[in-house]
Amino acid sequence: MVSPAMTNIREPDLSALRKHLEQQLPAGLDLLRQMVEINSFTGNRAGVNRLGRLTAEVFAPLGFTAEFVPSTNPAWGDHLVLTRPGAGGPALALVSHLDTVFPPEEEERHDFHWRPEGDRIYGPGTHDIKGGTVLMWLMLDALRAQAPELFEAVTWRLFWNSSEEAFSPDFGTVCRQRLGPDTRAALVFESEDREEGRPLLVVARKGRVAWRLRVSGRGAHAGARHARGANAIVQLALLLPRVAMFTDYARGLTFNVGTVSGGTVTNRVPHEAVAEGEFRAFDPATFAEACVRLQALAGPGEVRSPEDDFACQVAVELLSETRPWPSNPGSEGLFAVWREAAATLGFETGAQRRGGLSDGNLLWDAVPTLDGLGPWGENDHCSERSPDGSKTPEYVAVSSFVPKALWNCLAIARLVATANRPDAGQ
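All figures in this text were calculated on a predicted structure; none of them were measured in a lab.

K.L.:
What should I look at first to understand the overall build of the chain in this one?
P.N.:
Across its full length, the chain holds 11 helices and 20 strands. When its C-alpha atoms are laid out on the principal axes, the chain stretches across 85 × 50 × 40 Å. Here the chain holds 426 residues, and the buried ones make up 53% of them. Considering only residue pairs separated by 6 or more positions, the chain has 80% of its internal contacts joining residues 24 or more positions apart. Working note: accessible area of the chain is about 18000 Å², and carbon and sulfur atoms make up 51% of it. Between the centroid of the 42 positive side chains of the chain and the centroid of its 53 negative side chains there is a distance of 3 Å.

K.L.:
Any chance you could explain the pattern of salt bridges here in plain terms?
P.N.:
Tallied over the entire structure, the rule returns 29 salt bridges. Between R194 and E192 there is a salt bridge; the shortest N-O distance is 2.6 Å. Accessibility expressed as a relative area gives 6% for E192, which makes it buried. Residue E307 is joined to R228 by a salt bridge in which the shortest nitrogen-to-oxygen separation is 3.1 Å. Of this pair, E307 sits in the loop between strand 15 (299-304) and strand 16 (311-322) while R228 sits in the loop between strand 11 (220-221) and helix 7 (232-244), and the two are 79 residues apart along the sequence. One network of salt bridges, in which partners are shared, links R212, R214, E272, E276 and E317.

K.L.:
Help me out: how do you make sense of the layout of surface pockets in this one?
P.N.:
Any empty space left between the atoms is revealed when a probe the size of a water molecule rolls over them. Estimated volume of the largest pocket: approximately 520 Å³. Here the residues of the lining of the largest pocket sort into 5 nonpolar, 7 polar and 10 charged.

K.L.:
Looking at this structure, I do not really get the sheet that holds strand 17 (residues 350-354). What am I missing?
P.N.:
Remark on secondary structure: sheet strands pair via backbone hydrogen bonds, oriented parallel or antiparallel. One open sheet accounts for 3 strands, arranged 8-9-17; its pairing is mixed. What marks the edges here is a single partner per strand, and that holds for strand 8 (193-195) and strand 17. With direction set aside, neighbouring strand axes in the sheet form an average angle of 55 degrees. Strand direction decides the pairing type here: strand 9 (residues 198-205) and strand 17, joined by 5 bridges, are parallel. In the sheet register, A204 faces strand 17, and the bridge partner there is R353.

K.L.:
Even after reading the chapter, I still don't get the packing of helix 1 (residues 14-36) against helix 4 (residues 130-146), so can you show me in this structure?
P.N.:
Two packed helices can be described by the angle between their axes and the distance between those axes. Two elements in contact, helix 1 and helix 4, have axes whose closest approach is 9 Å; the angle formed by their N-to-C orientations is 145 degrees. Along this stretch, helix 1 crosses helix 4, giving a crossing that reads as right-handed. Residues A16, L17, H20, L21, Q24, L25, A27, G28, L31, L32, M35 and V36 of helix 1 touch helix 4, and the partners they reach there are K130, G131, T133, V134, W137, L138, D141, A142, L143, A145 and Q146. Its residues assigned to classes, the contact of helix 1 with helix 4 comprises 15 nonpolar, 6 polar and 2 charged.

K.L.:
What should I look at first to understand helix 11 (residues 401-417) in this one?
P.N.:
In an α-helix, one turn spans 3.6 residues; hence positions three or four apart end up facing the same way. Compared with the 24 Å implied by 1.5 Å per residue over 17 residues, the 24 Å span of helix 11 between its first and last C-alpha is a close match. Within helix 11, 14 of the 17 residues are buried, which leaves it mostly tucked inside the rest of the structure.

K.L.:
Got a minute to help me understand the nonpolar core in this structure?
P.N.:
In summary, soluble globular proteins display a tendency toward joint burial of nonpolar side chains. Judged by nonpolar contacts, the single largest core of 69 residues is most densely connected at F59, W156, L158 and W338. Looking at which element gives the most residues to this core, the answer is helix 11, with 12 residues. Setting aside residues no more than four positions away along its own chain, L158 makes contact with F59, F64, L80, V81, L82, L94, M136 and L140. Ranked by size, the runner-up nonpolar core spans 26 residues in total, among them L236, F246, F279 and V303.

K.L.:
Looking at this structure, how should I read the side chain of T55?
P.N.:
You can see T55 is positioned in helix 2 (residues 45-59). Side-chain polar atoms of T55 contact the backbone oxygen of L51, separated by 2.8 Å. Each residue touching T55, except ones within four places of it in the same chain, is listed here: M35, L80, L82, L98, T133 and W160.

K.L.:
What's the story with the confidence of the model for the chain in this structure? I'm lost.
P.N.:
Low-confidence regions, as indicated by low pLDDT, have predicted coordinates that should not be scrutinised in detail. On average, the chain scores 95 in pLDDT, and the residues at 70 or more come to 96%. In this model, residues 421-426 is a region of pLDDT below 50 whose contacts with residues beyond four sequence positions or in other chains number 4 contacts.

K.L.:
What am I meant to see in the packing of aromatic side chains here?
P.N.:
Aromatic rings in a pair are described by how distant their centres are and how their planes are angled relative to each other. Summed over all chains, the structure comprises 10 aromatic pairs. One aromatic cluster in this structure is built from F246, F255, F279 and F287. Note that R353 overlies the ring of F282, its terminal NZ or CZ placed 4.1 Å from the centroid. Looking at R385, its charged tip hangs above the ring of Y122, at a distance of 4.4 Å from the centre.

K.L.:
How do you make sense of the sheet that holds strand 3 (residues 91-97) when you look at a structure like this?
P.N.:
With mixed pairing, 6 strands are arranged side by side in an open sheet as 1-2-6-3-7-18. Of all the strands in the sheet, just strand 1 (65-69) and strand 18 (369-370) have a single pairing partner and so form its edges. Here strand 1 runs beside strand 2 (residues 79-84); their pairing, made up of 5 bridges, is antiparallel. Each bridged residue has a counterpart across the sheet, and for A66 the counterpart in strand 2 is L82. In the packing of helix 2 onto the sheet, the strands contacted are strand 1, strand 2 and strand 6 (155-161), and the crossing angle to strand 2 comes to about 10 degrees.

K.L.:
It is not clear to me how the pairing of strand 3 should be interpreted in this structure. Could you clarify?
P.N.:
A regular strand places its side chains so that they alternate between the two faces of the sheet. Within strand 3, 7 of the 7 residues are buried, which leaves the element mostly enclosed by the surrounding structure. By the alternation rule, side chains of strand 3 split into A91, A93, V95 and H97 and L92, L94 and S96, which are all buried. Across 7 bridges, the pairing between strand 3 and strand 6 is parallel. Directly across from V95, in strand 6, lies its bridge partner F159. Bridge count between strand 3 and strand 7 (residues 183-188): 5 bridges; the pairing is parallel. When the bridges of strand 7 are listed, L92 appears paired with A185.

The rules behind these values
Residues numbered from 1 in each chain as written. Predicted model: local features only at pLDDT ≥ 70, side-chain atom pairs only at ≥ 80, totals over all residues. Heavy atoms only, no water. Helix = DSSP H or I, 4+ residues; strand = E, 2+ residues; numbered from the N terminus. Buried < 20%, exposed > 50% of the residue type's maximum accessible area, 1.4 Å probe, protein only. Contact = heavy atoms within 4.5 Å. Areas by Shrake-Rupley, 256 points an atom, 1.4 Å probe, with all protein chains shown as cover. Lys, Arg positive; Asp, Glu negative; His and termini not counted. Charge placed at Lys NZ, Arg CZ, Asp CG, Glu CD. Salt bridge = Lys/Arg side-chain N within 4 Å of Asp/Glu carboxyl O. 1 Å grid on protein atoms, 1.4 Å probe; cavity = no way out; pocket = protein on both sides within 12 Å on 5 of 7 lines; lining within 4 Å. Points joined across faces, edges and corners; volume = space filled by probe spheres on them. Nonpolar A, V, L, I, M, F, W, Y, C, P; charged D, E, K, R; others polar. Pairing = 2+ DSSP bridges. Axes fitted to C-alpha atoms, helices over the stretch in contact; angles between N-to-C directions. Left-handed = near helix turned anticlockwise from the far one by under 90°. Expected span 1.5 Å × (residues − 1). Core = buried A, V, L, I, M, F, W, Y, C linked by side-chain atoms within 4.5 Å. Polar contact = N/O pair within 3.5 Å; in protein donor to acceptor, adjacent residues only side chain to side chain. pLDDT = per-residue confidence, 0-100. Phe/Tyr/Trp six-rings, centres within 6.5 Å; stacked < 30°, edge-to-face > 60°. Lys NZ or Arg CZ within 6 Å of the ring centre and 35° of its normal.

Below you can see the structure in the form of structure tokens.
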């Protein structure tokens, strides 16, 4: 049955929407400045919570009520959920995050702060992902003013992860408990990527496992009792090339050895060595197979004491796991809506499978999910600037906000309009 609230919804006037977005862009950029000036490094709990409060205050005039949900990790800030009930239409989830990867001392050391230069605005979080939050605000403000029937009909649920840049498994639970069966889509406002000027939207992401290899050998005096020792570093050195060779680019599987440590002093056969790293894959079967292959390294090693054949022991730990977001009909269906909207606006878009993680990994199997809906920029996670230009810090392109917001508004309007068809629920 079609809700009476949906019968009056019409596609918004694109000219009026564009004009409204252009008029509100200065206010949006001022909001972005305020957000960037708050250090919200994941480990800066007070800063993350301060940004959460500012975000709630900014969206309150649009009719949103705030819920602050404590993270299961007490060292991290609160997740933020904003809700605005609709009048009989579907629900949409819009997703962003509060934290950045830049500690306060790094920002100070590299003089990394809000800095407009032409079309670029440099600063921590301008692109990842405070610019995405501002784009959400611009869109919702424009829809309220220029498409009020649509804005009022939809139930809007907005989610901000306090610790997306770290491992935050509880955020997926926070979202899933509040999505509801009426949720049409989860729209993630991570930054836009481009290929030869064509904007790309994310329909799949790799999953990730962080792992640790710990080798226990036997210490001994390196001069007097060398033959009694079982060298843990040598054993680890034999293992790491095998781990690296698990990489299979044809299957989208990458293994990375990130850190290595071991031993204590040079006159001692080292009794312990540790390596940590990660692997990533798009395909769930490949992902599961990689887990099995890595865990199969556990057990007695090849390096043994010449004196009594004492063997090094290898332990494998899986430190954290984020499941893949594979290609799926729900994400492809959303991409088709955005592709058609792009065609209406006179440009082409492409679908991208992205290697990095996002909150979309936590949501795609609960509700159709699309990512890459934020503005365009470059150099995420970089704070350094070199005189020769070889190092350029994170920035967002001012010129990308209005076109992207307009595109998203049109696609959302068409997505919501499907509820106006008699066969929408079949």
